[in-house]
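Observations on the model geometry
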Amino acid sequence: MPEIILTNITKRWGNFYAVDNLNLTIADNSFVTLLGPSGCGKTTTLRMIAGLESPTSGKITIDGETVFDSEAGINVPPNKRKVGFLFQNYALWPNMTVYDNIAFGLKNIKEEMPSVNFAVKKLDDLMEVLKKAPALKTIFEESLNKEGEVDAKKATLKIIDKFKVSSYTAKSILGFKLYHVESFEENVEKKLAELSAHKDAEIQKISQKGITLNEKYEEIKDGKVILKKRRLHKEEVDLRVYDVAKIVKIGMFMDRYPNELSGGQQQRVAIARTLAPEPKVLFMDEPLSNLDAKLRLEMRSELQRLHVDTNSTFIYVTHDQLEAMTLATKICLLDNGILQQYEEPLTVYEKPNNIFVADFVGNPAINFVDAVGKEVDGKFQIKIWDKYDVTFTPNEKVNYDKWLKEAEAKALAEKHEYAIEKINKDMPFNYVVSKVESTELVSEDATKHKADFILGIRPEFIEINKDGQFEGEIYSSMPTGMETTVKIKVGKYLVTGVVFGNINYHIDEKVRFNINTDSINIFSASNQRLVTTGSLK
């Protein structure tokens, strides 16, 4: 599978920058989710890699081949990039069976490929099945219906699955009607002798033309494999259709039409159709958004398994952070066309680069707590919730003055000149500090000083304990059985916590709580970037 490299990719319409100077490397066999709010540039990025959209500037490389380069004038069309696309709309042909829907793209392939002798191949496939007579006999016995007759559809699927042959070969085996005779083994031997003689005749026929066959049944003349521009043979199409149908578990639905399938089954057909041409990369644009919650959960599991089974590179667009967290090997989080973070899901969750990332990832959402104070000998002496003087101890000692200078230098280095002034300018993220009376947004022109900090505390770190260091009262309690989400009133502020287990609290009940973790995030309010992680006392 290929490595995909995006270098300084920009896409703009007029002076609106949909994707802004994006640099990204997608490794072989990875499952990357493009995550972010609506309009952040996820789908545009996906379409540019696939070739459905042309970048304004930059360079895209897939598997070592440059497929787009604005300076060199290279723009390889989508059908030459060998990528598969799975849309939110399944786009299945309603007048075609499941089999024909999956085979549709394969039948349209026409390119130079080795000339294969399918007559000899099929004869060998038939003989290989018959040589395993006991297994074949077991299939016939397992496929009997109430009348004692072999169910042809059931037996065909079993033969395909067991012997890895095409449906044409499986149906030929059934056509021999071996299961109707008393001397099964004896008649199998007769049929094998007949097929072997037929094969010898075919081999003799092509040898007269100076042609031999290799182990893949490719025709060789003068020591070279014969190449010709052709369409895929029906055997090749059939083998591939049943192969991908098995992967997504829809082999039993081949003769049905889309309107006879459930939403999840239709989704599987769409996935199989995309996998059938064996694309280098599989792109998915919110493919589960049309499914109900239960089916979405099931299909997430199937997609994760599919990624492993196919050993492919997946690029998946979603605005659902839970989907991104559960599926991805890496999350690419975008906002306003700019890359915010590109790391493994748990790293994004535990060490978000900035306040936007911390807020976007996690459900229930992270608690933001305004803090004022200063760094003293590597620790931060700060006041939170207007009344608690606390010490924030970093996991690794940090020199805040030095960190601020380095952060400023990094921001200057990342800043680049725009060819045309950007109308969708990058503004500070308006984070929410939850309060009892109202939810206030940080003003865009609010002045933040060196002494201003923002703590990010995940709800699961709030531990209700009668000996806790902080006190408050229950504002709301929402049990689900497995866990209870509580909001605790601390003065005029609200803090969200998650208590695991079957437990409930009374409204206005007095409680004490601790924040037991060394994974609290502390951000600089002046630039909204993560300073470090640590613990509170």
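Residues numbered from 1 in each chain as written. Predicted model: local features only at pLDDT ≥ 70, side-chain atom pairs only at ≥ 80, totals over all residues. Heavy atoms only, no water.

As recorded in an unreviewed UniProt entry, the protein goes by Maltodextrin ABC transporter ATP-binding protein and comes from Acholeplasma hippikon.

**As for the sheet that holds strand β2 (residues 16-26)**
Counted only if it meets this: Whether two strands pair comes down to DSSP finding at least two bridges between them. In this text, helices come from DSSP runs of H or I with a minimum length of four residues, and strands from runs of E with a minimum of two, each type numbered from the N-terminal end. Should any heavy atoms of two residues lie within 4.5 Å, those residues are counted as being in contact. Between N-to-C directions, angles span 0 to 180 degrees; the directions come from axes that are lines fitted to C-alpha atoms, helices contributing only their stretch in contact.
Within the open sheet, the five strands sit side by side as β2-β1-β4-β5-β6. Their pairing is antiparallel. Sheet topology places β2 and β6 (74-75) at the edges, where each strand pairs with a single neighbour. In this sheet, β6 lies alongside strand β5 (residues 65-69) in antiparallel orientation, the contact comprising two bridges. Counterpart to D69 in the pairing with β6 is I74. Packing against the sheet, helix α1 (residues 42-50) makes contact with β1 (4-13), β2 and β4 (57-62), and its axis sits at approximately 120 degrees to β1.

**Side note on the side chain of R300**
Examined against the element boundaries, R300 turns out to sit in helix α10 (residues 293-310). For R300, the contacting residues outside a window of four places in its chain are L288, D320, L322, E323, T326 and L327.

**Some thoughts on the pattern of salt bridges**
The line we're drawing: A side-chain nitrogen of Lys or Arg and a carboxyl oxygen of Asp or Glu constitute a salt bridge if their distance falls within 4 Å. With a 1.4 Å probe rolled over the protein chains alone, any residue whose accessible area is under 20% of its type maximum counts as buried; one over 50% counts as exposed, and the rest are partly exposed.
Inspection of every chain in the model, using the stated rule, returns 33 salt bridges. Between K205 and E202 there is a salt bridge, and its shortest N-O distance comes to 3.7 Å. Placement of the pair is K205 and E202 together in helix α7 (residues 184-207), with a separation of three residues, close to one helical turn. E202 gets classed as buried once you look at its relative accessible area, which sits at 16%. For D309, the salt bridge identified is with R305, shortest N-O distance 3.3 Å. On the criterion of helical spacing, the pair formed by D309 and R305 is a turn pair, its members being four residues apart in helix α10.

**Focus on the domain arrangement of the protein**
Quick note on the threshold: How far each domain reaches was decided by an automatic or database domain assignment.
Along its sequence, the protein is carved into domain 1 (4-82 + 279-341) and domain 2 (114-231). Summarising the inter-unit geometry, the C-alpha centres of domain 1 and domain 2 are found 43 Å apart.

**Some remarks on the confidence of the model for the protein**
We count it as follows: Summary of the metric used: pLDDT quantifies the predictor's per-residue confidence within the range 0 to 100.
Predicted confidence across the protein gives a mean pLDDT of 90, with 97% of residues reaching 70 or more. Scored below 50 in pLDDT, residues 442-446 shows six contacts in the model against residues more than four places distant or in partner chains.

**Some thoughts on the nonpolar core**
Just so we agree on the cut-off: Buried Ala, Val, Leu, Ile, Met, Phe, Trp, Tyr and Cys residues that are joined via side-chain atoms within 4.5 Å together make up what is termed a nonpolar core.
Counting residues in each nonpolar core, the largest one holds 59 residues, and the members touching the most others are I102, L136, F140, I159 and I250. Formed jointly, this core draws a minimum of three residues from each of two domains, domain 1 (4-82 + 279-341) and domain 2 (114-231). Not counting chain neighbours up to four residues away, the residues in contact with I159 comprise L136, I139, F140, K164, V165, A170, I173 and L174. Ranked by size, the runner-up nonpolar core spans 45 residues in total, among them F380, V398, Y431 and L530.

**Notes on the environment of G378**
Looking at the element boundaries, G378 is found in the loop between β17 (367-376) and β18 (379-384). When residues no more than four places from it in sequence are discounted, the contact partners of G378 are P394, K397 and V398.

**So, a positive patch on the surface**
For clarity, the cut-off: Residues enter a patch when their relative accessible area is above 30% and they make no salt bridge; the linking distance is 9 Å between like charges and 5 Å between nonpolar side chains (Val, Leu, Ile, Met, Phe, Trp, Tyr). The protein chains shown are the only cover counted for residues, whose accessible areas, like all others here, come from Shrake-Rupley with a 1.4 Å probe. Neither His nor the chain ends is counted toward charge; the positive residues are Lys and Arg and the negative residues Asp and Glu. The atom standing in for a charge is NZ when the residue is Lys, CZ when it is Arg, CG when it is Asp and CD when it is Glu.
A cluster of basic residues, K80, K110, K229 and R231, forms a positive patch on the protein surface. Relative to the helices and strands, K80 is located in the loop between β6 and β7 (83-86).

**A few points about the pairing of β2**
One ladder, built from seven bridges, connects β1 with β2; its direction is antiparallel. Along β2, the bridge assignment pairs I4 with I26. If you look at the hairpin formed by β1 and β2, you'll find two residues sitting between the two strands, and G14 has a positive phi there, around 65 degrees.

**Here's the deal with unusual backbone geometry**
Backbone torsion omega between N363 and P364 reads 0 degrees, so that peptide bond is classified as cis. Tracing the sequence through the fold places P364 in the loop between α13 (355-360) and β17. Positive phi outside glycine occurs at N8, with the angle close to 50 degrees. With respect to the secondary-structure elements, N8 resides in strand β1.

**Some points on the packing of aromatic side chains**
Each aromatic ring pair is specified by the distance between its two centres and by the angle formed by the two planes. In plain terms, the rule: Two rings from Phe, Tyr or Trp (for Trp, the six-membered ring) form a pair when their centres sit within 6.5 Å of each other. Planes less than 30 degrees apart are called stacked, planes more than 60 degrees apart edge-to-face, and all others tilted. Consider the ring centre and the ring normal. A charge sits over the ring if Lys NZ or Arg CZ is within 6 Å of that centre and within 35 degrees of that normal.
Taken as a whole and assessed by the stated rule, the structure comprises 20 aromatic pairs. Ring geometry for Y400 against F453: centres 5.1 Å apart, planes inclined by 50 degrees, an arrangement best described as tilted. On the criterion of sequence distance, the pair formed by Y400 in helix α14 (residues 400-414) and F453 in strand β22 (residues 452-457) is long-range, its members being 53 residues apart. Accessibility classification places Y400 together with F453 in one group, the buried group. Taken together, the ring pairs connect F380, F392, Y400, W403 and F453 into an aromatic cluster. One cation-aromatic arrangement involves K191 over F176; the distance from NZ or CZ to the ring centre is 4.3 Å. The lysine or arginine in question, R458, covers the ring of Y349, its NZ or CZ lying 4.1 Å from the ring centre.

**Examining helix α6 (residues 167-175)**
Of all the positions in α6, only S167, T169, A170, S172, I173 and L174 are classed as buried. Elements in contact with the buried residues of α6: α3 (118-130), α4 (133-142), α5 (152-163) and α8 (234-247). Of the residues flanking the end of α6, it is K177, one or two places downstream, whose phi is positive at about 55 degrees.

**Concerning the sheet that holds strand β11 (residues 224-225)**
Sheet strands pair via backbone hydrogen bonds, and the direction of the pair is either parallel or antiparallel. Pairing within the open sheet is antiparallel, and its three strands lie in the order β9-β10-β11. Every other strand in the sheet has two partners, leaving β9 (211-213) and β11 as the edge strands with one partner each. In terms of strand pairing, β9 meets strand β10 (residues 219-221) through three bridges, oriented antiparallel. Looking at the pairing, T212 lines up with I220 of β10.

**Focus on the state of the cysteines**
Definition in use: Defined by distance alone, a disulfide is two cysteine sulfur atoms within 2.5 Å.
For the structure shown, the criterion picks out zero disulfides. A disulfide-free cysteine, C40 has its sulfur positioned 8.6 Å from the sulfur of C332, the nearest such atom. Using a relative accessible area of 2% as the deciding quantity, one classes C40 as buried.

**What to know about α3**
This is how it is decided: A helix is expected to span 1.5 Å for every residue after the first. The term polar contact refers here to a pair of N or O atoms within 3.5 Å; inside protein, the definition further demands a hydrogen-donor-capable atom paired with an acceptor-capable atom, and it admits residues adjacent in sequence only when both atoms are side-chain atoms.
Between its first and last C-alpha, α3 extends 18 Å over 13 residues, near the 18 Å set by a 1.5 Å rise per residue. In terms of burial, α3 is largely enclosed, as ten of its 13 residues are buried. The N-terminus of α3 is capped by N117, whose side-chain oxygen sits 3.3 Å from the backbone nitrogen of A119.

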